[in-house]
Every structure is written in C-alpha cells, then in structure tokens.
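# Report on the structure
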There are 2 protein chains.
Amino acid sequence: MANMISDDLRGLFYEREVDSPVAKVVRALSGHGAVSTSQIARSTGLARSTVSTILADLKRSSLVVEVEVETRTTGSAGRPALAHSLNPEAGTCIGILLGLGEIRIILADVAHSVLADVTLPLESHYGPEKATRVLRHAIDNLYKEHSLPYSGLLGVGVAVSGPLAPSGKVMRASMLPGWAGVDLRGIFEPALEKPIFADNESNCAALAEMMWGAATGADNFVLFKLDSGVGGAIVAGGKVLSGAAGAAGEFGHMLVDQHGPLCRCGNRGCLELYCSATTLEAEARRLLGRPAPVADIIDMASRGDVGFQRLIADAGDVAGRALAVIGSVVNAPLFVISGALATAGDLLLSPLRMSYEKHALIKRTDLAQGEFPSFVPGRFLSNDNCMGAVGLVLRHSGRLT
Amino acid sequence: MANMISDDLRGLFYEREVDSPVAKVVRALSGHGAVSTSQIARSTGLARSTVSTILADLKRSSLVVEVEVETRTTGSAGRPALAHSLNPEAGTCIGILLGLGEIRIILADVAHSVLADVTLPLESHYGPEKATRVLRHAIDNLYKEHSLPYSGLLGVGVAVSGPLAPSGKVMRASMLPGWAGVDLRGIFEPALEKPIFADNESNCAALAEMMWGAATGADNFVLFKLDSGVGGAIVAGGKVLSGAAGAAGEFGHMLVDQHGPLCRCGNRGCLELYCSATTLEAEARRLLGRPAPVADIIDMASRGDVGFQRLIADAGDVAGRALAVIGSVVNAPLFVISGALATAGDLLLSPLRMSYEKHALIKRTDLAQGEFPSFVPGRFLSNDNCMGAVGLVLRHSGRLT
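These figures come from a predicted structure and were not determined experimentally. (Residues numbered from 1 in each chain as written. Chains lettered and ligands numbered in written order. Predicted model: local features only at pLDDT ≥ 70, side-chain atom pairs only at ≥ 80, totals over all residues.)

## Focus on the overall build of chain A
The helix and strand inventory of chain A stands at 13 helices and 12 strands. Taking the intrachain contacts of chain A between residues at least 6 apart in sequence as the baseline, contacts between residues at least 24 apart amount to 63%. (Helix = DSSP H or I, 4+ residues; strand = E, 2+ residues; numbered from the N terminus. Contact = placed C-beta atoms within 7 Å.)

## Re the nonpolar core
Within the largest apolar cluster, 257 residues are counted, with the highest numbers of intra-cluster contacts made by A:I96, A:V158, B:I96 and B:V158. Setting aside residues no more than four positions away along its own chain, A:I96 makes contact with A:I103, A:R104, A:I105, A:L135, A:V156, A:G157, A:V158, A:A159 and A:A389. (Core = buried A, V, L, I, M, F, W, Y, C linked by C-beta atoms within 7 Å. Buried ≥ 20, exposed ≤ 12 C-beta atoms within 10 Å, placed from the backbone.)

## Some details on the relation of the copies chain A and chain B
What relates the pair of chain copies is a rotation about an axis plus a shift along that axis. If you rotate chain A by 180° and push it 0.0 Å along the axis, it lands on chain B with an RMSD of 0.0 Å. Taken together, the turn and the small shift mark the pair as related by a two-fold rotation axis. Of all interface residues in chain A, 100% are interface residues in chain B too; the two copies therefore contact each other through one and the same surface. (Least-squares fit on C-alpha atoms with pLDDT ≥ 70 in both.)

## Quick notes on helix α13 (residues 384–395) of chain B
All names here are of chain B. In a regular helix each residue adds 1.5 Å, so 12 residues correspond to 16 Å; α13 covers 15 Å between its end C-alpha atoms and thus fits that length. Counted residue by residue, α13 has 11 buried out of 12 residues, so it is predominantly covered. The set of residues buried in α13 consists of D384, N385, C386, M387, G388, A389, V390, G391, L392, V393 and L394. (Expected span 1.5 Å × (residues − 1).)

## Examining unusual backbone geometry
Residues and elements named next belong to chain B. With phi around 55°, E193 is a residue other than glycine that occupies positive phi space. With phi around 50°, N331 is a residue other than glycine that occupies positive phi space. Relative to the assigned elements, N331 resides in the loop between α11 (306–330) and β11 (334–338). Accessibility expressed as a C-beta count within 10 Å gives 25 for N331, which makes it buried.

## Here we look at the interface of chain A and chain B
Each side of the interface is counted separately: chain A has 39 residues, and chain B has 39 residues. Put simply, the parts of the chain that give the side of chain A that touches chain B at least two residues each are β9 (230–236) and α11 (306–330) of chain A. Looking at the side of chain A that touches chain B residue by residue, the classes come out as 24 nonpolar, 9 polar and 6 charged. (Nonpolar A, V, L, I, M, F, W, Y, C, P; charged D, E, K, R; others polar.)

## Regarding the pairing of strand β5 (residues 114–121) of chain B
All names here are of chain B. Examined bridge by bridge, strand β4 (residues 102–109) and β5 share 7 bridges and lie antiparallel to one another. When the sheet's bridge partners are listed, I106 is paired in β5 with D117. The hairpin formed by β4 and β5 contains 4 residues between the paired strands, and H112 there has a positive phi angle of roughly 60°. (Pairing = 2+ DSSP bridges.)

## Concerning the sheet that holds strand β3 (residues 92–99) of chain A
All names here are of chain A. Read from one edge to the other, the open sheet built from 5 strands follows the order β5-β4-β3-β6-β7, with strand pairing classed as mixed. Single-partner strands in this sheet number two, and they are β5 (114–121) and β7 (196–200). For this sheet, the mean inter-axis angle between neighbouring strands, taken without regard to orientation, is 15°. One ladder, built from 5 bridges, connects strand β6 (residues 153–160) with β7; its direction is parallel. (Axes fitted to C-alpha atoms, helices over the stretch in contact; angles between N-to-C directions.)

## Quick word on the packing of helix α2 (residues 21–32) of chain B against helix α4 (residues 48–60) of chain B
Residue and element names in this part refer to chain B. With their axes 10 Å apart at the nearest point, α2 and α4 run at an angle of 80° to one another. Between α2 and α4, the angle is such that the two are roughly perpendicular. Taking contact as the criterion, the partners of P21, V22 and V25 in α2 are, on α4, T50, V51, I54 and L55. In the contact of α2 with α4, the residues fall into 6 nonpolar, 1 polar and no charged. (Parallel < 35°, antiparallel > 145°, perpendicular 65-115°, else oblique.)

## Comments concerning the pairing of strand β11 (residues 334–338) of chain A
Residues and elements named next belong to chain A. Burial runs high along β11: 4 of the 5 residues are buried. Here strand β8 (residues 221–226) runs beside β11; their pairing, made up of 4 bridges, is parallel. Its bridge partner being in β11, V222 is matched across the sheet by F335. When β11 meets strand β12 (residues 374–377), the two strands line up parallel, connected through 4 bridges. Across the sheet, residue F335 finds its bridge partner in β12, namely F375. Traced from β11 through helix α12 (residues 346–359) to β12, the parallel crossover comes out right-handed. (Right-handed = clockwise from strand over helix to strand, strands pointing away.)

## What about the sheet that holds strand β6 (residues 153–160) of chain B?
All names here are of chain B. Taken in spatial order, the 5 strands of this open sheet run β5-β4-β3-β6-β7, and their pairing is mixed. On the outer flanks of this sheet lie β5 and β7 (196–200), each paired with one strand and no other. Neighbouring strand axes in the sheet, compared pairwise and without regard to direction, differ in orientation by 15° on average. Contacting β3 (92–99), β4 and β5, helix α5 (residues 128–145) runs over the sheet at an angle of about 35° to β4. Its contacts with the sheet place α13 against β3, β4, β6 and β7, and it is angled at close to 135° to β6.

## Brief notes about the environment of B:L55
Residue and element names in this part refer to chain B. Mapping L55 onto the fold places it in helix α4. A count of 19 C-beta atoms within 10 Å places L55 in the partly exposed class. Expressed as a C-alpha distance, the spacing of L55 and V26, which sit 29 residues apart in the sequence, is 9.1 Å.

## Details of the environment of A:I187
Residue and element names in this part refer to chain A. Locating I187 in the fold gives a position in helix α6 (residues 184–192). The exposure class of I187 is partly exposed, given the 18 C-beta atoms found within 10 Å. Along the primary structure I187 and E129 are separated by 58 residues, whereas in three dimensions their C-alpha atoms are 7.9 Å apart. What I187 contacts, discounting residues up to four positions off in sequence, is P128, T132 and V182.

## Description of helix α4 (residues 48–60) of chain A
Between its first and last C-alpha atoms α4(A) spans 18 Å; for 13 residues at 1.5 Å apiece the expected length is 18 Å, and the two agree. At the C-terminal side of α4(A), A:S62 shows a positive phi close to 65°.

## Quick look at the confidence of the model for chain A
Averaged over all residues, the pLDDT of chain A is 87; the fraction at 70 or higher stands at 90%. Listed scores for the predicted complex are pTM 0.82 and ipTM 0.77. (pLDDT = per-residue confidence, 0-100.)

## A closer look at the packing of helix α3 (residues 37–44) of chain B against α4(B)
Residue and element names in this part refer to chain B. It is the contact of α3 with α4, at a shortest axis distance of 9 Å, that shows an interaxial angle of 115°. Regarding α3 and α4, the two cross each other, and that crossing is right-handed. Residues T37, S38, I40 and A41 of α3 pack against R48, V51, S52 and L55 of α4. Of the residues contributing to the contact of α3 with α4, the split by class is 4 nonpolar, 3 polar and 1 charged. (Left-handed = near helix turned anticlockwise from the far one by under 90°.)

## Quick look at the environment of A:V306
Relative to the elements of secondary structure, A:V306 occurs in helix α11. Linking A:V306 and A:S43, residues 263 residues apart in sequence, is a C-alpha distance of 49 Å.

Here it is, written out as structure tokens:
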C-alpha cells in the first residue's frame, strides 16, 4: 500500500513539464505543509472549486489527508480549522547536512514529520568517497530500522557548509576541506539512486523557516545565522537569492575592519571574527582557563554572569551594525536570527535590535507603526539546515534542479 | 493617424488583465526596444510561428516597424539583422526626475528615442504644488513645440531622489526637502491626466541600463552610482529589488566608520561621505581655494594632476571595499558603475576593481575564467534616471502599479 501511494505521488511530484492542475495542488501541499483550500487556490491561481474537486480525488486515493490546525489569525479564540496535507505515509525524504567532521541525516515523511535524526561523526577531513559510502549504508539502515521501503524515498536534499556554485560544485570558501570543486549530484546520484537536491546550509535554513518556521508566510526576509560561523540568506519574492557564485548571503565575510585579524577566507576583519560562537568560545576559554562551549556561555549569562552577558551583548551589537548595512542593501522587513547564539534570546536580541535601530538608514520614526523590521529567533535553531534539506526535496528546488 | 495608432496601442498596452498573445508581444517590444522574433518567442513563451503571425498583423496596422540592428554576438562580422520595434510614431512617454532644485523632463517616443530633454531650474525647496503646476505647463509646451498630440502620451514616469515607500509615498530619507509623505500618484495623476509610474532614481537608472544600456540582457546585476550622493539598485531575476520601505540599494548609507562624520541621514560615517562627488568637490575646493565641479576634477586628473588622480583613486578604493561587502550580501556577477564619477573611466575603475578583488570573499582564482564579476561604466551617465522613468512607462512597472 505505502509503495503504491509513493508511485502515484512520485508521478505527480516529478512531472515538472506537466503543469496540470493536480500537479500544482500536490506541489502546493508539499511546499507548505498543512494548508487550506483557499490558500492552495491563492498560491496556484486555480479556482477554489477546481481545488476542492482535486483535493476530494486525492483524498479518495489516500494521497492527501485532512488535518486540524489552530487558527491563529482569526479572533475566534483558537477554534481548530480544517486543512489538507500530503498523507505522511505517501512517501519519505532524506535531508543531509555535510558538516565539519560529521554528517547529519534527517528522515522525514512528506508532511515533514521527523522520523529519524542521526549524526555520524567522521574525521574532520572526510572526503566525497567516504561520505558517499557512509551515507548509503546509514540510509539503508534507517529504512530497515523503521521498516520503510527505500522505494518510497522521493529524493535526497543536501545542505553544504559553504557556497555552492550554480553548477552544483562546492566552492573553495566552503568550510569543508577537500570538497572544493566536487559535483554533488555527480557523486551522490549514482550511489543513492535518487534525485539529489542541494544548496548552501544557510539557504536551506531559510527554506525551513519559510516553509514551517519563524518566517512562515513571509515572502521577503533575511536569515542571519550566528553559529560556529556566521552566514545567512536573503529571501526576496519567496525565493532564496543564490548569487552568481552561490555566495549571496555570506554575511560572515562582510568587512568590519580592514586592519582586523586574518580570516579563514583570506581577508581581514570579517564579521564572523567578531560575533561567531567560535569567537565567543575562544574569549571564554581565555577567561576561564578551560573550554566553554557556547551553550555553557549562554547558560552562565542567563544565570547572571555579567561578563558573559557582556560577551553576548557585544556580539549582538556588532551583528546589529552588520544588519543595518544589510538593511541599506536589501531593506528587509523581517530578520530571522538563527544559530546557536540565538538560543540566548533577549541577551542577544535586545542589544542587536538597539544597534540596528541606531545604525539603520530607515528609522522607526520614519515608518508607520508595525512597519519597522522585526527581529525574531528562528524556530529550528538546532536543525534548520537539515530540515531545509528536506524542504529542498518537498519544494523540488535547490541549486541542482 | 498618429492618434488612431495611439488608441490602438493604449488598448494593448494597458489591458493588463488580458493576457492575450498580442498584448504579450506588445509588452515584449515596449520593454526591450528592438528585438528579434526569436527573442520575443523566448521572453513571452509563445510559439515562434504565433509571434510571426502577430508581428505581421501589427506591422499591417503600423503599430510595429522593422529595424536593422548590428549583430554583435554572432561571428558574421556585424551583418545587420532584422528586428522589430514599436512604431516610434505610435505614442510618446514622459520621464521626469524630481531633483534637488530642479526638475528634468525627457519626452521620448515608444522606441525610446529622446525627442526633447529640458531641465527646469527651481528654488531648492520647491514643493509638490509648485512642481505639479510647473510640470503641466512645461509638458503642454513640449507637446505644442513638437506638434505632438497630448492624447498620444501613454504615461508619465517619475524618478525621485530618495527612497519611495511601496505605498508610493516619498520617505524622509529622500534628498527632497518638504516631500516626505507626499503621495506622487495622488498629486500628479489629477494634474497630468495620465497614468503615473514612479520609483527611486537609482532604480530607474538600473532599469535604463537593463533595457538599453550597459546591462542589456543581464538578469542579475548591481547598479552603483557615484554622484552628488551615492546610491544604487539591485537587479535579481530581471527585477529591481525594492525592499520593505523602498530603501533597497541605498548603498550610500552603508556604515564605513561608526565614529566618522555625521551624515545627512542621521547616522555617522556613511559611505557617501567618503566617495560622493560632493565630498570630492569639497576636498578640491579646500585645496584650490575656489569651487571645482567634479567634471573639472576629472578633467584635471585626466591631464595628469596627481593630487586629483589620488582623490579619485581613493574614492574608487573605498567604493571597491563597499562593493565587496555588497558582493558578500548579494554576490552579483556584474556591477554597472554610474553617476558623474564614472566619467573618470579607469582613473576610478582600476582602483575600484583592485579594491574589490582584495576584499571580496570569492576571489578570481576561485572561479573559472570569465566568471569573475565585471565592472563596467553605465551607458546613460548623465540621464539614466530620466531615461529609466521613460522605461517605467514602457515596462509598465514601478512602485505605483
């Protein structure tokens, strides 16, 4: 049964040439999670009655199920509303993060529920061959453990820690040593025997927040990620900007001080040298005389340590200044702050907001109430890249399509 | 005759709801100048045979004419190729620049040939009422002088020196004193009795370069304008990014030095304090003891004055650093350098390129040959904003549509 459904779904899902109404509805469902009939009509441009008929058909063939969602925007005090979602049993996706010294794998159903989430520790210089071998083995095992058919796997999304060229090749500025120039589809598609989608990890993170997270419904926003590195993504008109060499949104390498310390990218004084988790950890280690992971720094600051509060606030201050520059360039209405540092909440966000407001071109007083940009923490602070890789498959997007 | 044609054209041009093949072809012609049948087929998605039939019909009714264009891309040594263009006699457009202390008006035909170009000097604090009165009078006179029917005027494009909110209201950060909050369509449409299109002047400049200038055929580029102020625009996927408050591309207010001099925008150390024509003129005046317009500075530098060469080179250096930051944010493949300073040519562009290359994240060696971004001077250095305002009408775009 599960197999038959997947075959049907795969047909609708991959028939990209065919712009049939039913394919449009399936894509609207896979790209947005639970949605109402009106929302599907709006996003596909189809008549409401057409959408209703198609949904009824899809329900009869078990490809679509009804789900209850909380109504948040209406004033009717959270009365649950009916929405539609792809049948979770209709297929599965894999999202992968190629990280520094590890590979993370998320197995999710087409309704983006996480069925498994594993991290494979590897040596820091693992190469493409090793990665391919380890991945195929781990994914096979996951499907066996969960008694799921591999044939139900619709595609594999890959998030990469670094810019990805439009050709699908990893760029030198990537954090992965030894992967520069590697063609991701070329190595993974033969080994995994599934369609491969790939993008930069921050672009994936933006996709996850846009599809199911802090930016749901937002067509224009900036994702700003303060993690071991600093990066981000720009979403304009519902699409993640990729840039000529796949390097749009590389906020970590914005120049802060041309005479500053040397950066791993080959320049001096890049933003990430002033506000990444790595930098905060180095400072904390110097003070404490022992390693202090960023989670501990945030924990100590939350309990009242003024030194670590200052460390986080200073990172927020420099980040806010950079966001003001980004604001002068792209003038975003919403900033989703992501990465490990975002778990510090207002310890980071308050100084960040103040700094943005001080340095931005468009001040709060220039705008009507509610028009000043919002700064919100991301929803997927620990796995946005992998969830976004799942999103690449469901949205059928990414650099390699 | 001219009147009848305009009526036909107006019909096709403004029937935005009707996505008829013929309306699509007319819009492809008005938005691109002279184009071949294949180019129209590509940009409209219509079959080549359909396009040919439509073009034949349009030619019979004198709405479209054949023109010869030089073939640049083929190897056939400049053999002229046949292309199609709207009949210049089919209608006219007005492009206006609301500048500081003056209003400039360009009258162009639908094939974007400039029929008249006048500048009306006004007091520096002219307001919306004065502007409306002066404009109606001047435009009426232009049509009389050129014996053109006002009924043939398809629309009026307005370029504004400052950000324009999505609502069509001029923002505080505009260079026009007393215009903050003014609704441009609200004041101009009743007075001119024509459809009004409007956008920020740099966005207009980008449109002119994209339609007929240095960025013809480019879907992704950054326009960077070094003029009395510093500004610009980002074009992604063939569209000018507007930003939440219409303030995308306000590169002049990127932070260079948070302890720098106060800027007219209310911040400190903004980019335009380091590389605008105004800044260079102030420095030259200090040295020479008399006013020196930027054209004179460039002229003296071209004749070998090492001091003024240095002045221009330093502006190029700081501009290149800013472009590297913009590159880390949007990763553009093409930078069109515009404004009065761009007339300095390589005196500006060489140090600018070197500085970009030094500070950019993606180095030349990271890319295949030909993939490193290009830096080219704009084609419309003296009137790109007004030409772009004409483009707003022909493209039927801009903030107010």
